[in-house]
Amino acid sequence: QAQLVESGGGFVQPGGSLRLSCTASIISLENYAIGWFRQAPGKEREGIVCIPAKDGRTYYRSTVQGRFTISRDNSKNAAYLDMNDLKPDDTGVYYCATAKSAWCSSSYYYAPGYDYWGQGTQVTVSS
């Protein structure tokens, strides 16, 4: 059984918005930093954002800074990625993952720093 489940992806026009959700099917998320990754067609998976379990720095990749916002609701065992002003280059499969600690670091984009993953949700941005 998948540890995490992403939802909320879909097809949107450039400039549109989506909210992705990440829920844990088995584990509790409250003690883990959570990252979002994406993999564009023909490209390698890239980390785009990380939010700490409680206190600490949230990291955003420069290409999404100001457009994407990560949040979490530990009472719902969930994390979210609000995506605004979507661009065609945002197209890809989006994954959430739990970090191997409660905090994010400057290596937030490094996939081996995460333990549990979802199966991804497709986001397609096209006119």
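Just above, that's the structure.
Residues numbered from 1 in each chain as written. Predicted model: local features only at pLDDT ≥ 70, side-chain atom pairs only at ≥ 80, totals over all residues. Heavy atoms only, no water.

**Q** Residues and numbers for the nonpolar core, please.
**A** Among the nonpolar cores identified, the biggest contains 24 residues, and W36, I48, F68, L81, M83 and Y94 are the most heavily contacted of them. Of all elements in the fold, only β3 (18-24), β4 (34-39), β5 (46-51), β7 (68-73), β8 (78-83), β9 (92-99) and β11 (121-125) reach the threshold of two or more residues within this core. With sequence-adjacent residues up to four places away left out, F68 is seen in contact with R38, I48, Y60, L81, D82, M83, N84, L86, D90 and Y94. Grouped together as the second largest cluster of nonpolar side chains are twelve residues, C50, Y59, A99 and A111 included. (Core = buried A, V, L, I, M, F, W, Y, C linked by side-chain atoms within 4.5 Å. Buried < 20%, exposed > 50% of the residue type's maximum accessible area, 1.4 Å probe, protein only. Helix = DSSP H or I, 4+ residues; strand = E, 2+ residues; numbered from the N terminus. Contact = heavy atoms within 4.5 Å.)

**Q** Residues and numbers for the pairing of β5, please.
**A** Counting buried positions over the six residues of β5 gives five, a clear majority of the element. Two elements, β4 and β5, share five bridges in a ladder whose sense is antiparallel. Bridging across to β5, R38 finds its partner in E46. Counting the residues that bridge the hairpin from β4 to β5 gives six residues, and of these G42 lies at a positive phi of roughly 75 degrees. Judged from the two bridges that link them, β5 and strand β6 (residues 59-60) form a sheet pairing that is antiparallel. Note that in β6 the partner of C50 across the bridge is Y59. (Pairing = 2+ DSSP bridges.)

**Q** Break down the environment of R19 for me, with residues and values.
**A** With respect to the helices and strands, R19 occurs in strand β3. Since its relative accessible area comes to 44%, R19 is described here as partly exposed. As a C-alpha pair, R19 and L81 span 62 residues in sequence and 5.6 Å in three-dimensional space. Those residues in contact with R19 that lie beyond four places of it in its chain are S7, G8, S71, Y80, L81 and D82. Polar contacts involving the side chain of R19 include one to the side chain of D82, which spans 3.0 Å. (Polar contact = N/O pair within 3.5 Å; in protein donor to acceptor, adjacent residues only side chain to side chain.)

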